[in-house]
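The primary structure of each chain is shown beneath.
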Amino acid sequence: MLILAGPVGEREHDGGSHPERPARIRAALDGVSDLRLGSDLVTVAARPAQRDDLLRVHDGEYLDELESFSRRGGGALDADTYVTDTSWDAAVRAAGAGLVAIEALESSGEGAAFVVVRPPGHHAQRDRGMGFCLLNNVAVAAAALVAKGARVLIVDWDVHHGNGTQEIFWDEPDVLYVSTHQWPLYPGTGRPEEIGGLDAIGTTLNVPVPPGATGDVLLQAMDEVAAPAVEAFGPDWVLVSCGFDAHRADPLAELALTSGDFAALARRTAAFARSPGRLVLFLEGGYDLQALRQSTAATLGALVGDLPPPEPPTFGGPGSEAVRSAARDRRRAIEELSDRLLAVDSLDAPVTERPRWGLGGAR
Amino acid sequence: MRAPARIAVGYDGSPGSEAALRWAAALAGALEAAIKVVHAVGLLEHAGLASLSVHEDRARAIAAGAGVEPSRVEWCVLEGDPGSVLCRMAEGPDPPELIVVGTRRSLVHPGLLGSTSLGLVACAPVPVVVVPPADRAS
Ligand SMILES: [Zn+2]
């Protein structure tokens with residue numbers, strides 16, 4: 001069974017010629033329709049996230065600023081990111097859609113959910129929108145689950161690093177954030193040495209790959225780097241920052257995936273969930289409408305009904321060595337930070353009173 | 001301590017970043033320091049949906065106008081957000097000894113620093129100067 005939460009942003013938050021545009025939602029919905037799921041498709045409407053839901057991951061002052069900026073008509077947040085008079089309402093409903101998806105899965109106890117919303121979220125930091133993102137949708141959902149005592153895995157296969165999600169959960173031991181992304185590329189974070197803060201060493205996992213990398217490289221990252229960490233972490237829920245801008249047709253980046261590769265990634269990621277009905281995918285990037293439609297169909301088709309993807313998976317691009325070196329750099333960084341922690345703990349304070357050094361989070 | 005010999009300045013063509021570049025160039029001119037003008041490439045610019053070609057000429061003209069010898073001006077383009085790009089540079093080989101950035105008005109409260117500047121101040125291993133926009137300087 002597939003639960004579709006939304007849609008949000010089919011008309012609102014329209015920046016004119018901007019690539020992050022309302023037509024993306026129609027393309028994703030068309031991808032869902034292509035699966036002809038019939039009664040296996042259940043649509044649940046989004047509702048606005050409550051302020052308390054948002055405050056788990058965003059500063060109140062930023063929320064106030066953003067709402068008032070939007071209500072006054074909006075403008076440019078930075079060179080990439082726009083706000084219109086409808087952006088605040090769309091962003092709050094986009095953030096709430098993930099919470100609705102979780103409730104629907106909790107009551108069904110089976111299947112997966114797809115949150116079809118925009119604006120996207122994974123670049124949004126605690127106190128700042130950027131990179132087309134205003135509120136961090138996947139983080140709002142993950143924080144709500146953590147508040148209920150769950151351990152949450154976030155897999156982010158959007159072609160860009162989710163600096164906002166990483167920053168928000170930098171010191172959160174109950175969230176494992178795993179990202180594959182093109183490097184170098186905006187936003188310039190997501191090196192393998194970025195492994196989480198002192199309270200959460202190893203719960204941030206980054207695998208940057210070079211332009212031209214194919215699907216087999218990202219699967220290698222999942223199998224060789226992510227899988228052991230996920231196994232050790234033991235997630236109750238799996239959330240996916242499901243961008244499709246790693247597709248070879250995407251105009252914003254240079255990876256070489258096809259929709260068939262997203263199907264394989266989806267199967268790998270679904271296997272990380274320990275029980276059924278604990279997988280939620282959030283639409284992030286993806287700016288070629290045809291690729292977005294095909295990739296949506298391939299990803300969800302792999303999860304419900306195991307339908308064949310419209311394009312074959314890809315092999316042989318560069319990046320295999322980058323994955324291996326990411327694993328090495330990550331291991332070394334974990335050892336070094338753990339050693340520092342041990343050295344500090346042995347000096348004076350009990351282990352429960354660890355000093356928090358200003359390691360700068362995502363930056 | 002001695003005066004910085006290598007100064008990095010974030011520049012994106014905006015009025016705030018021009019104020020930062022003018023300040024950094026004036027200092028570099030006075031100290032005979034080298035100046036690295038760092039341009040961070042965002043999502044749209046990477047996709048060719050916004051241009052960067054005008055930035056370099058403009059930046060070099062501003063530096064020359066402040067009396068910095070052209071050979072001491074380096075134009076540097078890196079993929080990313082200005083904050084993360086400058087931090088990465090400061091942690092990398094041959095780091096600058098001083099970082100200069102402008103500030104963007106906060107959405108509502110004009111007195112707040114933009115969070116790029118704050119993040120940079122928190123992470124940078126070298127001194128950071130945040131230059132106010134021209135219309136706020138006296
Ligand atoms: Zn993206």
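Remember, it's a predicted structure, so these values are computed and weren't measured experimentally.

Regarding its fold elements, chain A presents ten helices and ten strands. For 363 residues, the compact-globule estimate of 2.2 N^0.38 gives 21 Å, and chain A sits close to it at 19 Å. C-alpha extents for chain A along the principal axes are approximately 60 × 50 × 40 Å. By the burial criterion, 61% of the 363 residues in chain A qualify as buried. In chain A, the share of contacts with a sequence separation of at least 24, taken over all contacts with a separation of at least 6, comes to 78%. With an accessible surface of roughly 12600 Å², chain A has 50% of that area assigned to carbon and sulfur atoms. Seen as two clouds, the 32 positive and the 52 negative side-chain charges of chain A have centres 2 Å apart.

All names here are of chain A. Protein coordination of the zinc ion is provided by Asp 158 (OD), Asp 158 (OD), His 160 (ND1) and Asp 245 (OD), with donor distances spanning 2.0 to 2.7 Å. In this structure, the zinc ion is surrounded by four donor atoms whose angles at the metal cover 53 to 155°, and the resulting shape is irregular. One chain supplies every donor for the zinc ion, spaced along it as D-x1-H-x84-D. A residue pair is termed long-range when its members are at least 10 positions apart, and His 160 in the loop between strand S6 (152-156) and helix H6 (163-168) and Asp 245 in the loop between strand S9 (237-242) and helix H8 (259-270) qualify at 85 residues.

Attention now goes to the sheet that holds strand S5 (residues 128-131) of chain B. Picture the strands of a sheet paired through backbone hydrogen bonds; they go either parallel or antiparallel. Residue and element names in this part refer to chain B. Here we have five strands laid out as an open sheet, ordered S3-S2-S1-S4-S5, and parallel in their pairing. Edge positions in the sheet fall to strand S3 (73-79) and S5, since each of these pairs with one other strand and no more. Neighbour to neighbour, the strand axes of the sheet diverge by 25° on average, direction disregarded. Summarising the sheet, strand S1 (residues 6-10) and strand S4 (residues 98-102) pair through three bridges and their orientation is parallel. Looking across to S4, one finds that Ala 8 is bridged to Ile 99.

Our focus in this paragraph is empty space enclosed by the protein. Counted by the stated rule, this structure contains three cavities of 30 Å³ or more. Of the pockets and cavities examined, the largest cavity occupies roughly 50 Å³. For the lining of the largest cavity, the per-class residue count stands at five nonpolar, five polar and three charged.

For the rest of this paragraph, the subject is the packing of helix H7 (residues 215-233) of chain A against H8 of chain A. All names here are of chain A. At a minimum axis distance of 9 Å, the contact between H7 and H8 shows a crossing angle of 10°. What the angle tells us is that H7 and H8 run roughly parallel. Across the interface between the two elements, Gly 215, Leu 218, Leu 219, Met 222 and Asp 223 of H7 pack against Asp 261, Ala 264, Leu 265 and Arg 268 of H8. For the contact of H7 with H8, a count of residues per class yields five nonpolar, one polar and three charged.

What follows is about the confidence of the model for chain B. Residues and elements named next belong to chain B. Per-residue confidence for chain B gives a mean pLDDT of 85, with 83% of residues at or over 70. Summarising per-element confidence for chain B, the mean pLDDT is lowest in helix H5 (residues 115-123) (71) and highest in S1 (96). With pLDDT under 50 throughout, residues 108-113 is counted as low confidence; its partners more than four residues away or in other chains account for 15 contacts. Model confidence for the complex is summarised by a pTM of 0.93, with the ipTM given as 0.90.

All names here are of chain A. Most of strand S5 (residues 112-117) is tucked away: six of the six residues are buried. Of the two faces of S5, the one lined by Ala 112, Phe 114 and Val 116 and the one lined by Ala 113, Val 115 and Val 117 are each fully buried. Bridge count between strand S1 (residues 2-8) and S5: five bridges; the pairing is parallel. Residue Val 8 lies in a different strand from S5, and its bridge partner there is Val 117. Taken together, the four bridges between S5 and strand S10 (residues 279-283) define a ladder with parallel strand orientation. When the bridges of S10 are listed, Ala 112 appears paired with Leu 279.

Moving on, we come to the interface of chain A and chain B. Residue-level contacts link 33 residues of chain A with 24 residues of chain B. Taken together, the two surfaces of chain A and chain B that pack against each other cover about 2300 Å², and 62% of this comes from carbon and sulfur. There are two salt bridges connecting chain A and chain B. A salt bridge links Asp 81 of chain B to Arg 128 of chain A, with the nearest nitrogen and oxygen atoms 2.9 Å apart. Taken together, chain A and chain B are joined by eight residue pairs in polar contact (both at pLDDT 80 or more). Here the residues of the side of chain A that touches chain B are counted per class, giving 15 nonpolar, eight polar and ten charged.

A few words now on the packing of aromatic side chains. Residues and elements named next belong to chain A. On inspection of all chains with the given rule, the structure shows four aromatic pairs over all chains. Considering the side-chain rings of Phe 132 and Tyr 287, the 5.6 Å spacing of their centres and the 85° angle between planes classify their relative orientation as edge-to-face. With a gap of 155 residues between them, Phe 132 in the loop between S5 and helix H5 (137-147) and Tyr 287 in the loop between S10 and helix H9 (289-303) connect regions that are remote in the sequence. For the pair shown, Phe 132 and Tyr 287 are each scored as buried. A network of ring pairs unites the aromatic residues Trp 157, Phe 244 and Phe 262 as a single cluster. Just above the ring of Phe 233 sits the side chain of Arg 151; from NZ or CZ to the centre is 4.1 Å.

What counts and how
- Residues numbered from 1 in each chain as written.
- Chains lettered and ligands numbered in written order.
- Predicted model: local features only at pLDDT ≥ 70, side-chain atom pairs only at ≥ 80, totals over all residues.
- Heavy atoms only, no water.
- Helix = DSSP H or I, 4+ residues; strand = E, 2+ residues; numbered from the N terminus.
- Rg over C-alpha atoms; globule rule 2.2 N^0.38 Å.
- Buried < 20%, exposed > 50% of the residue type's maximum accessible area, 1.4 Å probe, protein only.
- Contact = heavy atoms within 4.5 Å.
- Areas by Shrake-Rupley, 256 points an atom, 1.4 Å probe, with all protein chains shown as cover.
- Lys, Arg positive; Asp, Glu negative; His and termini not counted.
- Charge placed at Lys NZ, Arg CZ, Asp CG, Glu CD.
- Donors = N, O, S within 2.8 Å, 3.2 Å for Na, K, Ca; no water.
- Tetrahedral: all angles 85-135°; square planar, octahedral: opposite > 155°, others 65-115°.
- Pairing = 2+ DSSP bridges.
- Axes fitted to C-alpha atoms, helices over the stretch in contact; angles between N-to-C directions.
- 1 Å grid on protein atoms, 1.4 Å probe; cavity = no way out; pocket = protein on both sides within 12 Å on 5 of 7 lines; lining within 4 Å.
- Points joined across faces, edges and corners; volume = space filled by probe spheres on them.
- Nonpolar A, V, L, I, M, F, W, Y, C, P; charged D, E, K, R; others polar.
- Parallel < 35°, antiparallel > 145°, perpendicular 65-115°, else oblique.
- pLDDT = per-residue confidence, 0-100.
- Buried area = accessible area lost by both parts, 1.4 Å probe.
- Salt bridge = Lys/Arg side-chain N within 4 Å of Asp/Glu carboxyl O.
- Polar contact = N/O pair within 3.5 Å; in protein donor to acceptor, adjacent residues only side chain to side chain.
- Phe/Tyr/Trp six-rings, centres within 6.5 Å; stacked < 30°, edge-to-face > 60°.
- Lys NZ or Arg CZ within 6 Å of the ring centre and 35° of its normal.

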